[in-house]
Amino acid sequence: MTTKYIFFTGGVVSSVGKGVTAAAVGRLLKERGFKVAVQKLDPYINVDPGTMSPYQHGEVFVLDDGAETDLDLGHYERFIDISLNRVCNVTTGQVYAEVIGKERRGDYLGGTIQVIPHITNEIKRRIGLVAKATGAEIVLVEIGGTVGDIESLPFLEALRQMRSDVGRENSLYIHVTWLPHIGATDELKTKPTQHSVRELRSIGISPDVIVARSDQPIADELREKIALFCDVERRAVVPMVTSPVLYEVPLVIERSGLGEYLMDRLGLQARRQPDWTAWEKLVAEVRRPKPVVNVALVGKYVELHDAYMSVREALKHAALSLGLEVEISWVHSAELEKGRNWDLVQQADGVLVPGGFGSRGIEGKILAIHYARENKVPYLGLCLGMQLMVVDFARFALDTEDANSTEFDRSTKNPVIDLMPDQRAIADMGGTMRLGLYPCHLQPGTRAAAAYAEEVVQERHRHRFEFNNAYRGSLGEAGMLFSGLSPDGRLVEIAELRDHPFMVGTQFHPEFLSRPNRPHPLFVAFLDAVRQRGYLAQKPDKLQTAEISVG
Ligand code: GLN
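For clarity, every value in this text was computed on a predicted model and none was experimentally measured.

J.: Please give an account of the overall build of the protein chain that cites residues and values.
T.: Helix and strand content of the protein chain: 20 helices and 23 strands. In terms of overall dimensions, the protein chain is globule-like: its C-alpha atoms have a radius of gyration of 25 Å, near the 24 Å expected for 551 residues. Principal-axis analysis of the C-alpha atoms gives the protein chain an extent of 70 × 65 × 45 Å. For the protein chain, with 551 residues in total, the buried portion stands at 60%.

Here it is as structure tokens:
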């Protein structure tokens, strides 16, 4: 079939939920039997978000092929249950790097290189790559930012041209906007939506569908009004009231009738009736009051929960599968260093240290790990969290405060975590870590092997440092088990402690492969241990039911 394209733009304000909307529309199409892929076009000049602070950008989501991408790709993968490819995240930086590289090679000899057509052609070429690389029949393309931003203009121009390139029947534009609520008159306002549609029109794009987000219920006449003023069909206005349950969004969009509208407009015939039974069950399960377990997530970007998006989702998926509600206490590691916020760690029945870089707050994380080890509190360490678990254990087992990772102390006498040999000659910071999917062999009889119930697993990585094998003997004798290894046995992928209910650290990032309907086995095993500790400690306040919120 001819590739169909659906383009998503955002209006009025940023953070309007375009990523989740695109992911949910992708799910609608998958439910109808189509193969879909989603691409994010990011207007910033970095080549990828890998070199950006999570404060700027939230989490960096890593794909199977090692691409470091925008966190929206995490939404796409989780909602649609697909694995995306590096062509699915394009930035202005990549586009310009390609065009300038060609210019230097002489590919355009004699020509003046311009935004139109050279940059826009390169954008269109990259949009075209998605279907080829993924085999998708319907390609969804989300443009980062808000209509009106200077940076996104070349992308919007490329999208405008796509309609005549691929034809009206093969392309569709969805504009996601926000309806502000005026408290004094208790009214929802459509004017900003009208303005952003006008802005989009001035660029030459007429949206076919408007998804109107709001925190308040959207009355039918408002839907009429948006249709009238923005010149779209009434059934092409999708009211989307904020739901406390993130995974409800596909159901909300389905109920609005958008699925059928997309079929009509793109001249498609659904290959099967969408079956939402499993999703409805999932959403009902999220809403059902459940026993609460508390996990302290100790990091340094905890003010911005988006920095740990996939970790949070993975915890929620695992909790759901165990009939639990997980409550996350966000603990700033630098505060722990100052002796503050320890009550949050002490109240929790599990401690999790996620990935991270740089020395700020490192000792605070080690203190939290030390606490979990000594008090037999279930612990899950992800990447940096695994490395610091090794540092804490080495300080104890070797009886020296000197043990460290050379990332934080180059001259430590006990470099239990050290730069990987193939990283030593690398000077560039961008895209040069050990990235993407690698196999891990599980060692029988360990907690990790029991959790996975498999011999070999594939997991996504993003790191420069590794366990220093010179310490396998001494730490092994003291009770550390190397429960996951690379196929050649050289690289420690999972470490755990023998004499502890659950203290497991992974060099990889299991959170990237967790799905709402397929929780990650290590997260499930961790939360199971957390639950057991909660019951054993008999803290009735922890086990009472609570209102649920996901999102
Ligand atoms: N900074 C550590 C490394 O580079 C850990 C990376 C991470 O947690 N993703 O190995």
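Additional details are given in the paragraphs that follow.
J.: Provide a residue-level description of the sheet that holds strand E6 (residues 138-143), including the pertinent values.
T.: The seven strands are arranged E5-E2-E6-E1-E7-E10-E11 in an open sheet whose pairing can be described as parallel. Either end of the sheet is taken by a strand with one partner, and the two such strands are strand E5 (89-91) and strand E11 (237-241). Between one strand axis and the next, the sheet turns through 20° on average, direction left out of account. By the bridge criterion, six bridges tie strand E2 (residues 36-42) to E6 in an arrangement that is parallel. Within E6, the residue paired with Gln39 across the bridge is Val141. Its contacts with the sheet put helix H1 (residues 18-31) on strand E1 (4-10), E2, E6, strand E7 (171-178), strand E10 (209-214) and E11, and the angle it makes with E6 is roughly 175°.

J.: Tell me what's going on with the layout of surface pockets, and back it up with residues and numbers.
T.: Here the largest pocket defines a volume of roughly 1,100 Å³. Grouping the amino acids of the lining of the largest pocket by side-chain chemistry returns 17 nonpolar, 18 polar and 10 charged. In this structure, the second largest pocket encloses a volume near 610 Å³. Looking at the second largest pocket, it is lined by 29 residues, and the ones nearest its centre are Gly50, Gly356, Phe357, Met433 and Arg462. Elements that contribute at least two residues to the lining of the second largest pocket include exactly helix H16 (384-397) and strand E19 (456-463).

J.: Which residues make up the sheet that holds strand E21 (residues 480-485), and what values go with them?
T.: Strand order in the open sheet made by the nine strands is E13-E12-E14-E15-E23-E22-E21-E18-E19, with mixed pairing throughout. Edge strands, defined here as strands with exactly one partner in the open sheet, are strand E13 (325-332) and E19. The mean angle between the axes of side-by-side strands here comes to 25°, regardless of whether they run parallel or antiparallel. When strand E22 (residues 492-497) meets strand E23 (residues 503-506), the two strands line up antiparallel, connected through three bridges. Directly across from Ala495, in E23, lies its bridge partner Gly505. Lying over the sheet, helix H15 (residues 362-374) contacts strand E12 (292-299), strand E14 (350-353), strand E15 (379-382), E22 and E23, oriented at roughly 145° with respect to E14. H16 rests against E14, E15, E19, E21, E22 and E23 of the sheet, and its axis sits at about 120° to E15.

J.: Got a sec to walk through the site of the ligand? Specific residues and values, please.
T.: Neighbouring residues of the ligand: Gly355, Gly356, Phe357, Cys383, Leu384, Gln387, Glu407, Arg462, His463, Arg464, Phe465 and His509. Gly356 is positioned with one of its backbone polar atoms (N or O) 2.9 Å from an oxygen atom of the ligand. In this structure, Phe465 approaches the ligand through a main-chain N or O atom, which is 2.9 Å from an oxygen atom. Burial of the ligand by the protein amounts to 99% of the accessible area it has alone, namely 300 Å². If you map the ligand onto the pockets, it falls in the second largest pocket. Of all the secondary-structure elements, those providing two or more residues to the shell around the ligand are H16 and E19. Looking at the shell around the ligand, its residues break down into four nonpolar, five polar and three charged.

J.: Would you mind going over helix H5 (residues 115-134) in detail, with residue names and values included?
T.: With 20 residues, H5 should cover 28 Å at 1.5 Å per step; its first-to-last C-alpha distance of 28 Å lies within 8% of that length. Where H5 is buried, its residues meet E1, E2, E5, helix H4 (92-105), E6 and helix H6 (153-166). Residue Gly135 follows H5 closely and has a positive phi angle near 75°.

What counts and what doesn't
Residues numbered from 1 in each chain as written. Predicted model: local features only at pLDDT ≥ 70, side-chain atom pairs only at ≥ 80, totals over all residues. Heavy atoms only, no water. Helix = DSSP H or I, 4+ residues; strand = E, 2+ residues; numbered from the N terminus. Rg over C-alpha atoms; globule rule 2.2 N^0.38 Å. Buried < 20%, exposed > 50% of the residue type's maximum accessible area, 1.4 Å probe, protein only. Pairing = 2+ DSSP bridges. Axes fitted to C-alpha atoms, helices over the stretch in contact; angles between N-to-C directions. Contact = heavy atoms within 4.5 Å. 1 Å grid on protein atoms, 1.4 Å probe; cavity = no way out; pocket = protein on both sides within 12 Å on 5 of 7 lines; lining within 4 Å. Points joined across faces, edges and corners; volume = space filled by probe spheres on them. Nonpolar A, V, L, I, M, F, W, Y, C, P; charged D, E, K, R; others polar. Near = heavy atom within 4 Å. Polar contact = N/O pair within 3.5 Å; in protein donor to acceptor, adjacent residues only side chain to side chain. Areas by Shrake-Rupley, 256 points an atom, 1.4 Å probe, with all protein chains shown as cover. Sits in = over half its atoms within 2 Å of the grid points. Expected span 1.5 Å × (residues − 1).

Treat this as a map of the structure, not an account of what it does.
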